[in-house]
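Here are the chains, one letter per residue:
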Amino acid sequence: MTNIFTAPAIAIDGLHHSYGANPVLRGLDLTVQRGEIYALLGGNGAGKSTTLSALLGFLRPCSGSVRVCGTDPVADARAARSQMAYVPENVSLYEHLTARENIGYFLALAKAERGGDAIEAALSAVGLTQAAKDKRLSGFSKGMRQKVAIALALARDVPVLLLDEPTSGLDPRAVLEFNRLLDAAREREVAVLMVTHDLVSAVDIADRIGFLSEGKIEEEQTASTAGPRFDLNALHDRYTLVAGAPA
Amino acid sequence: MTAVKLIAREEWRMLARNRSGLIATGLLVLLILVAGFTSLESRSAIEADRTRYQASVDETFDAQPDRHPHRMVHYGQFLFRPIAPLAFFDAGVNSFTGNTIFLEGHRQNSANFAEARQSSLLLRFGQLTPAFILQTLAPLLLIFLAFASVAREKERATLKLLLAQGIGGRSLIAGKMLGHGAIALAVGLPAFALLLGFAATGAADWATVGVMIIAYACWLLLWAFASVIISALVARPRDALAILMGLWMITIILLPRALPEAASAQNQLATKIETEIALHRDLLKIGDSHDPDDPYFNDFRDEVLDRYGVRTVEELPVQYAGLVAIEGERLTTQIYADAAQRQAAREREQNAFVHTFSVLSPLIAIRQLSMTLAGSDPAAHQDFLDQSEAFRYEFVQRLNRMQAELLPEIGGEDPRISAAYWQEVPRFSYSPFNPLADRTRIIWPLLVLAGWLAALCVLALFAARRIGGVAR
Ligand SMILES: Nc1ncnc2c1ncn2[C@@H]1O[C@H](COP(=O)(O)OP(=O)(O)O)[C@@H](O)[C@H]1O
Ligand SMILES: [Mg+2]
């Protein structure tokens with residue numbers, strides 16, 4: 001087995017997966033290093049969420065290999081999941097618990113008790129108001145729930161972040177704040193795999209942007225170190241083309 | 001804290017914040033207490049009545065004047081069975097059998113009857129016992145509290161987030177089972193406290209109360225576990241609710257009523273008539289002691305004359321009619337006893353049939369066990385009938401002997417013996433039935449309950465694998 005320190009944080013190699021007779025991933029290759037933010041784009045039903053599920057060990061690949069910090073998430077889900085934090089596509093937390101209680105509970109389950117201060121800091125970092133922290137989620141808007149889920153992922157303090165459309169429902173200011181949080185995560189050598197439809201935000205923060213189409217990374221662009229990081233217009237044209245194509 | 005405990009504690013927090021769940025639980029606990037205290041009350045009222053009746057019956061008996069002993073044989077009397085202390089908890093068949101029988105000298109197996117007033121009292125309050133609530137209503141509450149426990153996490157996709165934190169399927173199911181198992185025991189707690197109170201005051205013994213508590217704990221855990229497991233096996237809470245309600249209706253409402261029906265249809269109806277005919281045929285065979293040509297009683301007379309070394313009945317030192325009475329009583333009692341034994345054997349067969357199916361409906365197991373331990377089951381009643389029959393035989397034969405032995409000395413047209421002799425006639429004294437004496441009646445239903453729990457644990461492992469394993 002590859003050493004946990006030398007292995008790439010996320011390594012997907014020739015991954016095939018079908019739901020019944022419906023092939024979704026067809027030889028997907030994807031690698032994300034620690035300290036790197038990878039934005040995964042693609043049309044609806046392209047298989048972005050399926051890719052994250054494979055990383056979490058929620059599904060058994062038909063072929064190919066998936067490794068998280070060198071661990072196979074199907075063979076040893078517990079070990080792999082202890083390295084990952086996940087913000088699901090449709091955030092669903094406990095409605096009867098407050099924001100603070102939700103995070104406390106999930107952290108305790110992850111055996112990542114961080115103490116009240118860390119939870120407080122994470123909730124503040126995502127921009128939740130003081131009053132909201134101790135309100136039950138049943139009164140929260142979609143964006144506020146999203147913030148709680150992000151706060152949970154950050155508070156886990158793990159080397160890999162899997163984010164499924166994390167900025168959906170966030171207002172522009174919240175998106176900016178969120179990008180600053182990702183910046184900070186990159187500083188801490190966290191590997192981030194972010195599924196998004198928000199091209200502007202991706203251009204702003206990602207180190208690499210990949211387009212998923214027909215079950216593969218159709219095209220990948222790396223941020224340039226000089227001048228503008230990406231050519232937004234070119235990406236936009238590319239994106240609408242990919243997204244418009246049947247999955 | 002381990003994940004299992006965390007999940008259990010979270011389940012409690014959720015239920016604590018769910019007002020309808022809290023109200024339902026509070027109501028059930030209240031109902032158990034009310035049932036406990038009202039049936040306790042009605043039990044002591046009936047006991048007080050019984051003591052009073054017993055005293056007046058004894059008094060009237062003692063006050064009988066000088067009489068011919070045979071008149072006393074026909075003297076009817078009531079026999080009372082003290083209600084077992086735990087019968088307040090489970091009235092069992094008491095409300096149908098009653099606890100009083102009217103005894104007449106020659107009437108073996110006297111139809112025992114539940115005195116109208118008393119039986120209506122028992123029927124009115126006897127049904128609402130803690131046992132009834134624990135057996136019938138508590139499972140409904142436990143279903144209501146737990147049907148959504150796992151399915152809710154699936155439907156709302158919090159399950160994904162749970163699993164993403166590294167929680168295994170086993171921890172999840174075990175946590176939910178721990179949470180709802182503890183709730184189930186908490187629901188039973190007031191009833192258990194009542195039982196323990198009885199043991200503490202010495203009204204019931206610790207062993208009986210202990211087994212009773214274990215049995216009901218198993219029963220309640222069974223429903224809590226089943227609810228969690230079904231919840232884990234289906235995709236949506238409402239599916240779990242539908243399945244669990246179906247299970248409740250079948251195992252609690254349908255099977256316990258259908259099975260005894262099936263059992264009696266199988267082997268009683270035809271044979272009951274046969275018994276009656278056989279009984280009458282046997283009775284006719286005894287012969288007629290007043291018929292000078294009756295072969296049996298002629299032999300009997302010769303044998304008696306031989307024994308006393310005399311040649312005529314008139315020369316006997318005892319009254320011959322008295323001896324005939326003793327012999328006649330012996331014969332008819334034998335025939336009735338044989339018939340009763342055949343009847344009992346058939347009932348045992350029927351019970352065995354129902355018992356076999358208690359594997360299907362654990363309710364039959366808990367119900368059987370509960371009334372056995374409470375001393376209110378058919379066996380305890382049968383024991384009372386046996387004791388009363390033994391008493392009746394003793395009573396009649398003692399009077400017959402008095403007739404045979406005392407009357408010749410008295411002689412005269414209207415021979416009577418002194419009322420002082422009535423004090424010598426045995427009085428009925430009931431010796432309490434020990435439910436633990438026949439271990440099989442305790443062990444079999446306990447095994448059924450334990451078997452169900454074990455089966456559920458296996459099913460839980462399966463459900464845990466499905467939940468924690470890779471998604472479909
Ligand atoms: N659990 C599932 N069972 C069957 N088909 C699924 C399942 N999840 C996703 N799919 C199908 O797989 C394809 C990819 O889905 P998904 O990965 O969710 O796409 P997206 O890129 O929009 O996140 C879609 O056609 C979707 O209908
Ligand atoms: Mg998706």
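As the structure is a computational prediction, the values presented were derived from the model and not from experiment.

## What to know about the overall build of chain A
When you go through chain A residue by residue, the secondary structure sums to 9 helices and 9 strands. The C-alpha radius of gyration computed for chain A amounts to 18 Å, which stays within 12% of the reference 18 Å derived for 247 residues, consistent with globular compactness. If one aligns the C-alpha atoms of chain A with their principal axes, the spans along those axes are about 45 × 40 × 35 Å. Here chain A holds 247 residues, and 55% of them are scored as buried. If you take every contact in chain A between residues at least 6 apart in sequence, the share linking residues at least 24 apart comes to 67%. On chain A, roughly 10,200 Å² of surface is accessible, and the fraction owed to carbon and sulfur atoms is 52%. Taken as two groups, the 25 positive and 29 negative side-chain charges of chain A have centres that lie 5 Å from each other.

## Quick notes on the site of ligand 1
Residues and elements named next belong to chain A. Neighbouring ligand 1 are Tyr19, Asn22, Val24, Gly43, Asn44, Gly45, Ala46, Gly47, Lys48, Ser49 and Thr50. In the complex, the protein chains occlude 59% of the 560 Å² of accessible area that ligand 1 would expose alone. Put simply, the parts of the chain that give the shell around ligand 1 at least two residues each are strand E2 (22–32) and helix H1 (48–56). Among the residues making up the shell around ligand 1, the classes are represented as 3 nonpolar, 7 polar and 1 charged.

## Some points on the confidence of the model for chain B
Taken as a whole, chain B shows an average pLDDT of 84; of its residues, 91% reach a score of 70 or greater. Interface scoring of the predicted complex returns ipTM 0.92; its pTM is 0.88.

## Observations regarding the pattern of salt bridges
Two side chains that carry opposite charge are able to pair once their charged atoms sit near each other. All names here are of chain A. In this structure the tally under the stated criterion is 30 salt bridges over all chains. Between Glu36 and Arg208 there is a salt bridge, with the nearest N and O atoms lying 2.6 Å from each other. With Glu36 in the loop between E2 and strand E3 (37–42) and Arg208 in strand E8 (residues 208–213), this residue pair connects regions lying 172 residues apart in the sequence. Taken individually, Glu36 and Arg208 each receive the classification buried, so the pair is uniform in this respect. Each of the salt bridges in this network shares a partner with another, and the network as a whole consists of Arg180, Asp183, Arg186, Asp207 and Arg229.

## Side note on the interface of chain A and chain B
At the junction of the two partners, chain A supplies 29 residues and chain B supplies 23 residues. Interface of chain A and chain B: buried area, both sides summed, is about 2,500 Å²; carbon and sulfur atoms make up 57% of it. Among the residues of chain A in contact with chain B, Phe58, Tyr105 and Leu109 of chain A are the three that bury the most area, contributing 24% of the side total. Where chain A packs against chain B, one counts 2 salt bridges. Here Glu101 of chain A and Arg13 of chain B are joined by a salt bridge, their closest N and O atoms 3.7 Å apart. At the boundary of chain A and chain B, one finds 8 residue pairs in polar contact (both at pLDDT 80 or more).

## So, the coordination of the magnesium ion (ligand 2)
Residues and elements named next belong to chain A. Looking at the magnesium ion (ligand 2), the protein donor atoms are Ser49 (OG), Glu89 (OE) and Glu89 (OE), and they sit 2.1 to 2.8 Å from it. In this pair, Ser49 is assigned in helix H1 and Glu89 in the loop between strand E5 (84–87) and helix H3 (99–109), connecting sequence segments 40 residues apart. Relative accessible area serves as the criterion here: at 31%, Glu89 is assigned to the partly exposed category.

## Regarding the packing of H3 of chain A against helix H4 (residues 115–125) of chain A
Residue and element names in this part refer to chain A. Contact geometry for H3 and H4: axes closest at 10 Å, N-to-C directions at 125°. The angle between H3 and H4 places the two elements in the oblique class. Crossing handedness for the pair H3 and H4: right-handed. Of H4, the residues touching H3 (which contributes Ala99, Arg100, Ile103, Gly104 and Leu107) are Ile119, Glu120 and Leu123. Its residues assigned to classes, the contact of H3 with H4 comprises 5 nonpolar, 1 polar and 2 charged.

## A few points about the packing of helix H14 (residues 320–357) of chain B against helix H16 (residues 378–410) of chain B
Geometrically, a packed helix pair is captured by the angle between its two axes and the distance between the axes. Residue and element names in this part refer to chain B. Running from amino to carboxyl end, H14 crosses H16 at an angle of 165°, the nearest separation of the two axes being 7 Å. Viewed along their axes, H14 and H16 adopt a mutual orientation that is roughly antiparallel. In the crossing of H14 with H16, the sense of the turn from one axis to the other is left-handed. Residues Ala321, Gly322, Leu323, Ala325, Ile326, Glu329, Arg330 and Thr333 of H14 touch H16, and the partners they reach there are Glu389, Arg392, Tyr393, Val396, Gln397, Asn400, Arg401, Gln403 and Ala404. For the contact of H14 with H16, the class distribution of residues is 7 nonpolar, 5 polar and 5 charged.

## Some details on the sheet that holds strand E1 (residues 10–19) of chain A
Residue and element names in this part refer to chain A. Pairing within the open sheet is antiparallel, and its 3 strands lie in the order E2-E1-E4. Two strands in the sheet have a free side with no partner beyond their single neighbour: E2 and strand E4 (63–68). Put simply, the sheet's adjacent strands are angled 25° from each other on average, direction ignored. For E1 and E2, the ladder comprises 8 bridges, and the chain directions are antiparallel. Bridging across to E2, Ala11 finds its partner in Thr31.

## Considerations on the sheet that holds E5 of chain A
Residues and elements named next belong to chain A. Strand order in the open sheet formed by 6 strands is E5-E6-E7-E3-E8-E9, with mixed pairing between adjacent strands. The open sheet terminates on both sides in strands that have one partner only, identified here as E5 and strand E9 (216–222). Mean inter-strand twist for the sheet, computed between neighbouring axes without regard to direction, equals 15°. The sheet contacts of H1 involve E3, E5, strand E6 (160–164), strand E7 (191–195) and E8, and relative to E6 the element is tilted by about 150°. In the packing of helix H6 (residues 142–156) onto the sheet, contacts are made with E5 and E6, and the angle to E5 comes to roughly 175°.

## So, the environment of Trp444 of chain B
All names here are of chain B. Within the secondary structure, Trp444 sits in helix H17 (residues 440–468). Separated by 75 residues in sequence, Trp444 and Leu369 have C-alpha atoms that sit 8.9 Å apart. Look past the residues within four positions of Trp444 in its chain and what remains in contact with it is His355, Ser358 and Val359.

## Some remarks on the side chain of His96 of chain A
By the secondary structure assignment, His96 of chain A is in the loop between E5 and H3. Judged by relative accessible area, His96 of chain A falls into the buried class, the value being 15%. One polar contact links His96 of chain A to Glu10 of chain B, side chain to side chain, over a distance of 2.8 Å.

## Notes on the environment of Asp58 of chain B
Residue and element names in this part refer to chain B. Counting through the fold element by element, Asp58 comes out in helix H2 (residues 19–62). Classification of Asp58 as partly exposed rests on a relative accessible area of 26%. Along the primary structure Asp58 and Phe428 are separated by 370 residues, whereas in three dimensions their C-alpha atoms are 9.8 Å apart.

## Side note on helix H10 (residues 206–233) of chain B
Counted at 1.5 Å a residue, the expected span for H10 of chain B with its 28 residues is 40 Å, and the 40 Å between its end C-alpha atoms agrees. Taking burial as the measure, the 28 residues of H10 of chain B include 23 buried ones, the bulk of the element.

## A look at the packing of aromatic side chains
Using the criterion set out here, one finds 17 aromatic pairs over all chains in the structure. Residues Tyr94 of chain A and Phe106 of chain A carry aromatic rings whose centres are separated by 5.5 Å and whose planes lie at 15° to one another, so their mutual orientation is stacked. Residue Tyr94 of chain A is located in the loop between E5 and H3, and its partner Phe106 of chain A is located in helix H3; the two are separated by 12 residues in the primary sequence. The same class applies to Tyr94 of chain A and to Phe106 of chain A, which are both buried. Relative to Tyr430 of chain B, the ring of Phe384 of chain B has its centre 5.9 Å away and its plane inclined at 70°; by these criteria the two rings are edge-to-face.

The rules behind each value
- Residues numbered from 1 in each chain as written.
- Chains lettered and ligands numbered in written order.
- Predicted model: local features only at pLDDT ≥ 70, side-chain atom pairs only at ≥ 80, totals over all residues.
- Heavy atoms only, no water.
- Helix = DSSP H or I, 4+ residues; strand = E, 2+ residues; numbered from the N terminus.
- Rg over C-alpha atoms; globule rule 2.2 N^0.38 Å.
- Buried < 20%, exposed > 50% of the residue type's maximum accessible area, 1.4 Å probe, protein only.
- Contact = heavy atoms within 4.5 Å.
- Areas by Shrake-Rupley, 256 points an atom, 1.4 Å probe, with all protein chains shown as cover.
- Lys, Arg positive; Asp, Glu negative; His and termini not counted.
- Charge placed at Lys NZ, Arg CZ, Asp CG, Glu CD.
- Near = heavy atom within 4 Å.
- Nonpolar A, V, L, I, M, F, W, Y, C, P; charged D, E, K, R; others polar.
- pLDDT = per-residue confidence, 0-100.
- Salt bridge = Lys/Arg side-chain N within 4 Å of Asp/Glu carboxyl O.
- Buried area = accessible area lost by both parts, 1.4 Å probe.
- Polar contact = N/O pair within 3.5 Å; in protein donor to acceptor, adjacent residues only side chain to side chain.
- Donors = N, O, S within 2.8 Å, 3.2 Å for Na, K, Ca; no water.
- Axes fitted to C-alpha atoms, helices over the stretch in contact; angles between N-to-C directions.
- Parallel < 35°, antiparallel > 145°, perpendicular 65-115°, else oblique.
- Left-handed = near helix turned anticlockwise from the far one by under 90°.
- Pairing = 2+ DSSP bridges.
- Expected span 1.5 Å × (residues − 1).
- Phe/Tyr/Trp six-rings, centres within 6.5 Å; stacked < 30°, edge-to-face > 60°.

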